[in-house]
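# Observations on the three-dimensional arrangement
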Amino acid sequence: MNRCVPFPNGHQQPIVLFPSDMSPIHFSLPPSATAVRWGVVGCGQIAVDKSLPGLLAATDARLAAIADPLEPRRELALNLATRAGIKDVRAFSDAAELFADPGIDAVYIALPTGDHAAAVIAAAEAKKAILCEKPLGRSAAEVASMVRAAQTNGVPLMTAYMSRFSDVFRKAVTLIRDGAIGKVTFVTAHFSYSCYRYYPPGAPGGWRYTDPDGGGALLDVGVYLAFGLREMLGERIVEVAPLNCDTFKPAGAVVPDTTAAWFLTGNGTPGTLITTFSHDAQSLVFYGTAGNLTVTDCFYQTPGARLEIRGENPCVLDTKSENKLVHFDNYRSEFEHFSRALLRGEPHQPSAEDVLADALLLDALKQSVPTVTVPAPGEFLR
């Protein structure tokens, strides 16, 4: 394969991302409501292992119904509810039946990425508040259609970026924005995992390799870098120079397994990002005029991560090596945040505008921009 590196120069036009204004949503629950009544659509791994335990443990929230076409998955979800002391959860084989249930205030959608748009739009038309797993959609156009459906029907729509509710993530946001490392001058961001070990084509979850629109490392885990960089820096990435390629492609894969890119934020902060299905890595390093801040392991499904500052204001926060948090803690906090926002009529985070900005970035990173081929010294001398 011819190896090329993307390198912005005077002969290339960078991809520029534009923001979009969003209208506020005015959604209210019955005045007597003391907890949000939740319905869960999709009872696969993420729901059964993390989201449902988090919802069942959350305050201001109550599981009222579940929907999944597979009976064994419905039984797993109902067993979780029973063990938590909730025995009146309604079970549906069709999500449309759950959306039509008048005893549901909000729905959590945990379906494969390619099924998000149809489910979100149907839930919006049923006047349910919506929490949908990341990435919200497969493209900015798809995300925009979902946001429009929510706005048209006057319902809140939140994307499930559960990592932003962890202690280390929140601490990183505070330290960077408060200037603990001075002015940020460069960023390196890397989140990858060996997907071929867990979700090869043909296995459950193998759509990550075989869905040409919803698969790939960029949508599966690169989305964490998109929102993580935006939130920690408080800046939006406005220019990217991406490289998409295959490094360890299993038979049957139809999407690139690797995306790497240079980027520039609106405030002029440069950096690089990498996401791939071919190896395991997770770190963000922020270089500043007063020190460097490194965050590791803050995007995993289990809580706990490490933050370290080296420089004028040294700091260490490690909740990974001695983690006392239950495995679903970030998900519990996520449900509590959205439930309280609904009960109090307050804004939730991330906002629809933030998520659309993330989708625009992912769209830009998917593109094949002009690249500069680096010649071998011998070729150059000839």
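Residues numbered from 1 in each chain as written. Predicted model: local features only at pLDDT ≥ 70, side-chain atom pairs only at ≥ 80, totals over all residues. Heavy atoms only, no water.

### A closer look at the overall build of the protein
- From N to C terminus, the protein includes twelve helices and 15 strands.
- Here the protein has a C-alpha radius of gyration of 21 Å; the compact-globule value for 382 residues is 21 Å, and the two agree.
- A buried classification covers 52% of the 382 residues belonging to the protein.
- Within the protein, residue pairs in contact and separated by at least 24 positions form 73% of the contacts whose partners lie at least 6 positions apart.
- Each charge class in the protein can be summarised by its mean position, and for the 33 positive and 40 negative side chains these summaries are 2 Å apart. (Helix = DSSP H or I, 4+ residues; strand = E, 2+ residues; numbered from the N terminus. Rg over C-alpha atoms; globule rule 2.2 N^0.38 Å. Buried < 20%, exposed > 50% of the residue type's maximum accessible area, 1.4 Å probe, protein only. Contact = heavy atoms within 4.5 Å. Lys, Arg positive; Asp, Glu negative; His and termini not counted. Charge placed at Lys NZ, Arg CZ, Asp CG, Glu CD.)

### Points about the sheet that holds strand 2 (residues 36-41)
- Across the sheet, six strands lie side by side as 4-3-2-5-6-7; this open sheet has parallel pairing. Among the strands making up the open sheet, the edge pair consists of strand 4 (90-92) and strand 7 (157-160). Strand after strand, the sheet turns through a mean of 25° between neighbouring axes, direction not considered.
- Strands strand 3 (61-67) and strand 4 of the sheet are contacted by helix 2 (residues 71-83), whose axis makes an angle of about 160° with strand 3. (Pairing = 2+ DSSP bridges. Axes fitted to C-alpha atoms, helices over the stretch in contact; angles between N-to-C directions.)

### A few points about the packing of aromatic side chains
- Per the counting criterion, the structure on display carries 16 aromatic pairs.
- Between the aromatic rings of Y224 and F227, the centroid separation amounts to 5.7 Å while the plane-to-plane angle is 50°, which identifies the pairing as tilted. One end of the pair is Y224 and the other is F227, both in helix 9 (residues 217-233) and three residues apart, which spans about a single turn. Accessibility classification places Y224 together with F227 in one group, the buried group. (Phe/Tyr/Trp six-rings, centres within 6.5 Å; stacked < 30°, edge-to-face > 60°.)

### Here we look at the layout of surface pockets
- Looking at the largest pocket, its volume works out to about 1000 Å³.
- Taken together, 37 residues line the largest pocket, and the ones lying closest to its centre are Q45, I46, Y199, R208 and Q301.
- Of the residues forming the lining of the largest pocket, the biggest block, four residues, is contributed by helix 9.
- Residue composition of the lining of the largest pocket, by class: 22 nonpolar, eight polar and seven charged. (1 Å grid on protein atoms, 1.4 Å probe; cavity = no way out; pocket = protein on both sides within 12 Å on 5 of 7 lines; lining within 4 Å. Points joined across faces, edges and corners; volume = space filled by probe spheres on them. Nonpolar A, V, L, I, M, F, W, Y, C, P; charged D, E, K, R; others polar.)

### Considerations on empty space enclosed by the protein
- For the coordinates displayed, the defined rule picks out five cavities of 30 Å³ or more.
- Reported here for the largest cavity is a volume of approximately 80 Å³.
- Along its surface, the largest cavity is lined by ten residues, and R230, R236, I237, D358 and L361 are the ones closest to its centre.
- Of the residues in the lining of the largest cavity, the class split is six nonpolar, no polar and four charged.

### Thoughts on the nonpolar core
- In terms of nonpolar packing, the biggest core is built from 111 residues, with W38, I130 and F286 touching the most fellow members.
- Not counting residues within four places of it along the chain, the set of residues in contact with I130 comprises V107, I109, V120, A123, A124, V155, P156, L157, M158 and F338. (Core = buried A, V, L, I, M, F, W, Y, C linked by side-chain atoms within 4.5 Å.)

### Re the confidence of the model for the protein
- Scored by pLDDT, the protein comes out at a mean of 90, with 92% of its residues at no less than 70.
- Per-residue pLDDT stays below 50 along residues 1-21; that stretch engages in 43 contacts with residues further than four places along the chain or on separate chains. (pLDDT = per-residue confidence, 0-100.)

### Remarks on helix 9
- The terminal C-alpha atoms of helix 9 lie 23 Å apart, and with 17 residues this matches the ideal 24 Å at 1.5 Å per residue to within 8%.
- Of all the bends in helix 9, the greatest measures close to 40° and is centred on V223.
- With 17 of 17 residues buried, helix 9 is to be regarded as a mostly interior element.
- A positive phi of about 70° marks G234, the residue just after helix 9. (Expected span 1.5 Å × (residues − 1). Bend = angle between axes of the 7 residues up to and from the residue.)

### A few points about the packing of helix 5 (residues 140-153) against helix 11 (residues 352-366)
- One way to put it is that helix 5 packs onto helix 11 with a least axis distance of 8 Å and a crossing angle of 160°. The angle between helix 5 and helix 11 falls in the class roughly antiparallel. Crossing hand, helix 5 versus helix 11: right-handed. For the pair helix 5 and helix 11, the contacting residues are A140, A141, V143, A144 and V147 in the first and A352, V355, L356, A359, L360 and D363 in the second.
- Per-class residue counts for the contact of helix 5 with helix 11 are ten nonpolar, no polar and one charged. (Parallel < 35°, antiparallel > 145°, perpendicular 65-115°, else oblique. Left-handed = near helix turned anticlockwise from the far one by under 90°.)

### A few points about the pattern of salt bridges
- Taken as a whole, this structure holds 21 salt bridges when the rule is applied.
- Note that D68 is salt-bridged to R73, the shortest N-O span being 4.0 Å.
- By relative accessible area, which is 35% here, R73 ends up partly exposed.
- R332 is the salt-bridge partner of D329, the closest N and O atoms lying 2.7 Å from each other. A residue pair is termed a helical-turn pair when its members lie 3 or 4 positions apart in one helix, as D329 and R332 do in helix 10 (residues 329-344) at three residues. (Salt bridge = Lys/Arg side-chain N within 4 Å of Asp/Glu carboxyl O.)

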